[in-house]
Amino acid sequence: MIKPEAVAAGHAGKIIDMIIDNGFRVVAIKLTRLSRQEAGIFYEVHKERPFYGELVDYMASGPIYAAILEKDNAVEDFRKLIGATDPSQADEGTIRKRFAESKAKNAVHGSDSNDNAEIESNFFFSGRERF
Ligand code: CMP
């Protein structure tokens, strides 16, 4: 996902360029908006964290881009490309170093495993939206 503050700031095109330039193939992509209920379900694994309420409000605060990306070793390589959760810890050249505002408003989300990539892909896309 490209998160609400990055979309609102007009960074989506540059972020998608970085993703494609780094060898990812876009299988599916759309501009959409999560309801609070949907954001709560998407981030249910973080339900017990103190920042859960803030995270849900933020993720429902405006449109996001959701995408499915394909590449050998995609999960690990995408996490390298986006950089650390906290942009102050992110390496130079990463998406979060360049575009994230804070640990909460950190511009992008990447799946943390192949299993979660499948679950998160199915959350957003039907079969006929994938190419
Ligand atoms: P993401 O990679 O989408 O996974 C969980 C999200 O929770 C994370 O990016 C941040 O947006 C948010 N998050 C993680 N840690 C914190 C924190 N300490 N305070 C607020 N939000 C956080």
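Residues numbered from 1 in each chain as written. Predicted model: local features only at pLDDT ≥ 70, side-chain atom pairs only at ≥ 80, totals over all residues. Heavy atoms only, no water.

Examining helix 2 (residues 12-21)
Keep this limit in mind: Exposure categories follow from relative accessible area, calculated using a 1.4 Å probe and restricted to protein chains: below 20% of the type maximum is buried, above 50% is exposed, and the middle band is partly exposed. Each helix is a run of DSSP H or I of at least 4 residues and each strand a run of E of at least 2, with the numbering of both proceeding from the N terminus. The arc in question is the one spanned by the directions pointing from the helix axis to the C-beta atoms. Only heavy atoms matter for contacts: two residues are in contact if any of them lie within 4.5 Å across the pair.
The set of residues buried in helix 2 consists of Ala-12, Ile-15, Met-18 and Ile-19. Taken down its axis, helix 2 places every buried residue within 125 degrees of arc, on the same side. Summarising the contacts, the buried residues of helix 2 are in contact with helix 1 (4-8), strand 2 (64-70), helix 5 (74-82) and helix 6 (95-99). Looking one or two residues past helix 2, Gly-23 carries a phi angle of roughly 90 degrees, positive in sign.

Considering the environment of Pro-63
Counting through the fold element by element, Pro-63 comes out in the loop between helix 4 (52-59) and strand 2. As for Pro-63 and Asn-114, which are separated by 51 residues in sequence, their C-alpha atoms are 25 Å apart.

What about the packing of aromatic side chains?
Formally: The aromatic pairing rule takes the rings of Phe, Tyr and Trp, using the six-membered ring of Trp, and pairs them if the centres are within 6.5 Å, calling planes under 30 degrees apart stacked, those over 60 edge-to-face and the rest tilted.
Tallied over the full model, the rule gives six aromatic pairs. On the numbers, 5.5 Å between centres and 80 degrees between planes, the contact of Phe-24 with Phe-78 is edge-to-face. Here Phe-24, found in the loop between helix 2 and strand 1 (25-32), pairs with Phe-78, found in helix 5; they are 54 residues apart in sequence, far enough to count as distant. With respect to class, Phe-24 is no different from Phe-78; both count as buried. An angle of 70 degrees between the planes, with centres 5.1 Å apart, marks the rings of Phe-42 and Tyr-43 as edge-to-face.

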